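Report on the structure
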Amino acid sequence: TGPKPLDGKRVLVTAGGTVERIDPVRYITNDSSGKMGFAIAEAARDRGAKVTLVVGKADVSPPNGVEVVAVRSAAEMRDAVMCRLPDSDIVVKAAAVADYRPARPRAEKIKKSAEALTLELVPNPDILQEIGEWKASREDGARKPFVIGFAAETTDVEKHATDKLRRKKSDLIVANDVTAEGAGFGTDTNVVSVYGPNGLVASLPLLSKKDVAGRILDLAQDGLRASGPSS
Ligand code: C5P
């Protein structure tokens, strides 16, 4: 077997949903299965990369042959990601990060009462945005990863995806049309469009998540080549 396209590269992938504690026995999460991120991690491994997978709650087992860092909350995911940025060539943020968390997680189980219960939520850090800001703050010539975010959209996919790309200073945004048949949470297939700074880069048909992963990595490899050889 000859050289592989990602030999010597380090790829950081996040996958699954984050888990935000309410009390010792209850939490807030979402329907992310982890499958899209796992498919990317697996494809990057097969292309020769050294892969780190930061994973929250997932319905399936992570692939073999990658380093798995298990986290729960968005705050833990952020710490796990930010400390690995300087060593990463490609970062793919496929995790479904909870936008909010309980303001005051309780140390003890909340007791039932006849009263209505209000749970105050506060915004979580936006990890993708922090990655973009970290990159922008790096000096010229410093090693910076190529960063790919995901977006689940139902309307105005192009507009929301390109707005997100600019706001979060990502290199590519992969937009899932979650209303499309065979796309989104839990399925083994996906329908995505990929946007870069100049707009639409690729509009993919219904594909397995494995094939979507391959196409996303092709684009990341193009991006790495365009940004010159890294250290
Ligand atoms: O803004 P939205 O949540 O739709 O953006 C989705 C992208 O941003 C995904 O790549 C997701 O992993 C990332 N994200 C994040 N931190 C958040 C929310 C989203 O990194 N708090």
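These figures come from a predicted structure and were not determined experimentally.

Conventions and cut-offs
- Residues numbered from 1 in each chain as written.
- Predicted model: local features only at pLDDT ≥ 70, side-chain atom pairs only at ≥ 80, totals over all residues.
- Heavy atoms only, no water.
- Near = heavy atom within 4 Å.
- Polar contact = N/O pair within 3.5 Å; in protein donor to acceptor, adjacent residues only side chain to side chain.
- Areas by Shrake-Rupley, 256 points an atom, 1.4 Å probe, with all protein chains shown as cover.
- Helix = DSSP H or I, 4+ residues; strand = E, 2+ residues; numbered from the N terminus.
- Axes fitted to C-alpha atoms, helices over the stretch in contact; angles between N-to-C directions.
- Parallel < 35°, antiparallel > 145°, perpendicular 65-115°, else oblique.
- Left-handed = near helix turned anticlockwise from the far one by under 90°.
- Contact = heavy atoms within 4.5 Å.
- Nonpolar A, V, L, I, M, F, W, Y, C, P; charged D, E, K, R; others polar.
- UniProt positions renumbered as here; feature names shortened; annotations may be inferred.
- Buried < 20%, exposed > 50% of the residue type's maximum accessible area, 1.4 Å probe, protein only.

Around the ligand sit Lys93, Ala95, Val97, Asp99, Pro125, Asp126, Ile127, Leu128, Gly149, Phe150, Lys164 and Lys168, and those are all the residues in its vicinity. Between the ligand and Ile127 there is a distance of 2.9 Å, counted from a nitrogen atom to a backbone nitrogen or oxygen. The fraction of the free accessible surface of the ligand (450 Å²) that becomes covered by protein chains is 86%. For the shell around the ligand, the elements supplying multiple residues, two or more each, are helix H3 (127-137), strand E9 (146-153) and helix H4 (157-168).

The next point concerns the packing of helix H1 (residues 35-46) against helix H5 (residues 209-226). At a minimum axis separation of 8 Å, H1 and H5 run at an interaxial angle of 60°. As the angle between them shows, H1 and H5 are arranged oblique. Every pair of crossing elements has a handedness; the one defined by H1 and H5 is right-handed. Together, Lys35, Met36, Ala39, Ile40, Ala43 and Ala44 of H1 and Lys209, Lys210, Val212, Ala213, Ile216 and Leu217 of H5 make up the contact between the two elements. For the contact of H1 with H5, a count of residues per class yields nine nonpolar, no polar and three charged.

Sequence positions flagged by UniProt for "binding site: CTP" (unreviewed entry) are, in local numbering, Asp99, Lys109, Pro125, Asp126, Ile127, Leu128, Phe150, Lys164 and Lys168. Across 70 residues of sequence, these annotated residues are also dispersed in space, with a maximum C-alpha separation of 37.8 Å. Classification of Phe150 by relative accessible area gives buried; the value is 15%. Discounting chain neighbours no more than four positions away, the residues touching Phe150 are Met36, Ile40, Val92, Lys93, Ala94, Lys164, Val174, Asn176 and Ile216. With respect to the secondary-structure elements, Lys164 resides in helix H4. Judged by its relative accessible area of 17%, Lys164 is buried. Excluding residues that lie within four positions of it along the chain, Lys164 makes contacts with Phe150, Ala151, Glu153, Lys169 and Ile173.

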